[in-house]
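Listed here are the chains, written in short residue letters.
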Amino acid sequence: MSKIVVDHNSDNERLRIERILDGKREEFAWFVNRYSQQVIDFTSRMLPDAEDAKETAQDAFVKAYRSLDTFNFQSSFCTWVCRIAYRESLNRLNRQQPHYVDIVNLPAIEDDEEELSTGLEERIALMEEAIDDLPPDEQMLLHLYYYEDQSLRDIAYIMDVEPNALATRLHRIRKKLLRMIKQKENE
């Protein structure tokens, strides 16, 4: 997965946006070409279906284009379009029916090899399982913060919350994960 790139060359983005707003719509292709894979990677973290993720990313770019005159340069364009993609992903998840997996017809897993273990592998597996059980927005927060090394300020902008509230939420999610892991260990 690629990391969200924040283009600190905001003058370049500003000039392109001004040209688009002046009627040179073809300039928007630069933003799509530059950031589309990052936005698709972003939506893929929330939407398990690859086609849904691509469609949602495309919807985010369309919305960004339509509201380009409201872009205020408080962030990079990429961060702004990811914010739109985040909301679009949540909307899509709210519209979808629950996805069920037929565990009866899953192939059996054979474990012929005995393996020495320190318990770390089991704890990692429990952690991954617990993360998978979190709501999509909490999974996204963990992913952006821990895997993509995004700042709380950028994540707060994407998720449309205050950075302090986000830090508190992150702390609560970590405590929740710890409880979930302890519960799974005791099962």
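Residues numbered from 1 in each chain as written. Predicted model: local features only at pLDDT ≥ 70, side-chain atom pairs only at ≥ 80, totals over all residues. Heavy atoms only, no water.

(A) Seen up close, the overall build of the protein. Across its full length, the protein holds eight helices and zero strands. Seen in sequence order, the protein has helices and strands lined up from the N terminus as α-α-α-α-α-α-α-α. Counting the 187 residues in the protein, one finds 37% classified as buried. Contacts in the protein between residues at least 24 apart in sequence constitute 70% of all its contacts with a sequence separation of at least 6. Within the structure as shown, the protein displays about 12,400 Å² of accessible surface, and the carbon and sulfur contribution to it stands at 48%. (Helix = DSSP H or I, 4+ residues; strand = E, 2+ residues; numbered from the N terminus. Buried < 20%, exposed > 50% of the residue type's maximum accessible area, 1.4 Å probe, protein only. Contact = heavy atoms within 4.5 Å. Areas by Shrake-Rupley, 256 points an atom, 1.4 Å probe, with all protein chains shown as cover.)

(B) Region of interest: the packing of aromatic side chains. Inspection of every chain in the model, using the stated rule, returns 13 aromatic pairs. Between Phe-31 and Phe-77 the ring centres are 4.3 Å apart and the planes differ by 40°, which places this aromatic pair in the tilted class. Here Phe-77 lies in helix α4 (residues 77-95) and Phe-31 lies in helix α2 (residues 28-46), a separation of 46 residues in the sequence. Phe-31 sits in the buried class, given a relative accessible area of 0%. Overall, the relative accessible area of 0% leaves Phe-77 in the buried class. Put simply, the rings of Phe-28, Trp-30, Phe-31, Tyr-35, Phe-61, Tyr-65, Phe-71, Phe-73, Phe-77 and Trp-80 touch in pairs and so form one group of aromatic residues. (Phe/Tyr/Trp six-rings, centres within 6.5 Å; stacked < 30°, edge-to-face > 60°.)

(C) Inspection of helix α8 (residues 163-186) at higher detail. Relative to the 34 Å expected for 24 residues at 1.5 Å per residue, α8 spans 35 Å between its end C-alpha atoms, a close match to the ideal helical length. For α8, the full list of buried residues reads Leu-166, Leu-170, Ile-173, Leu-177, Met-180, Ile-181 and Lys-184. (Expected span 1.5 Å × (residues − 1).)

(D) Geometry of the pattern of salt bridges. As enumerated under the stated definition, the model contains 11 salt bridges in all. Of the charged contacts in the structure, one is a salt bridge between Arg-83 and Asp-160, with a shortest N-O distance of 2.3 Å. Taken together, the residues span a long stretch of sequence, with Arg-83 in helix α4 and Asp-160 in the loop between α7 (152-159) and α8 at a distance of 77 residues. Accessibility expressed as a relative area gives 14% for Arg-83, which makes it buried. (Salt bridge = Lys/Arg side-chain N within 4 Å of Asp/Glu carboxyl O.)

(E) Just the packing of helix α3 (residues 50-66) against α4, in detail. Where α3 contacts α4, the axes come no closer than 8 Å and their chain directions differ by 125°. Considering the angle they form, α3 stands oblique to α4. Crossing of α3 over α4 shows right-handed handedness. Contact residues: α3 offers Asp-52, Glu-55, Thr-56, Asp-59, Ala-60, Phe-61, Lys-63 and Ala-64, while α4 offers Phe-77, Trp-80, Val-81, Ile-84, Ala-85, Glu-88, Ser-89 and Arg-92. Partitioning the contact of α3 with α4 into residue classes produces eight nonpolar, two polar and six charged. (Axes fitted to C-alpha atoms, helices over the stretch in contact; angles between N-to-C directions. Parallel < 35°, antiparallel > 145°, perpendicular 65-115°, else oblique. Left-handed = near helix turned anticlockwise from the far one by under 90°. Nonpolar A, V, L, I, M, F, W, Y, C, P; charged D, E, K, R; others polar.)

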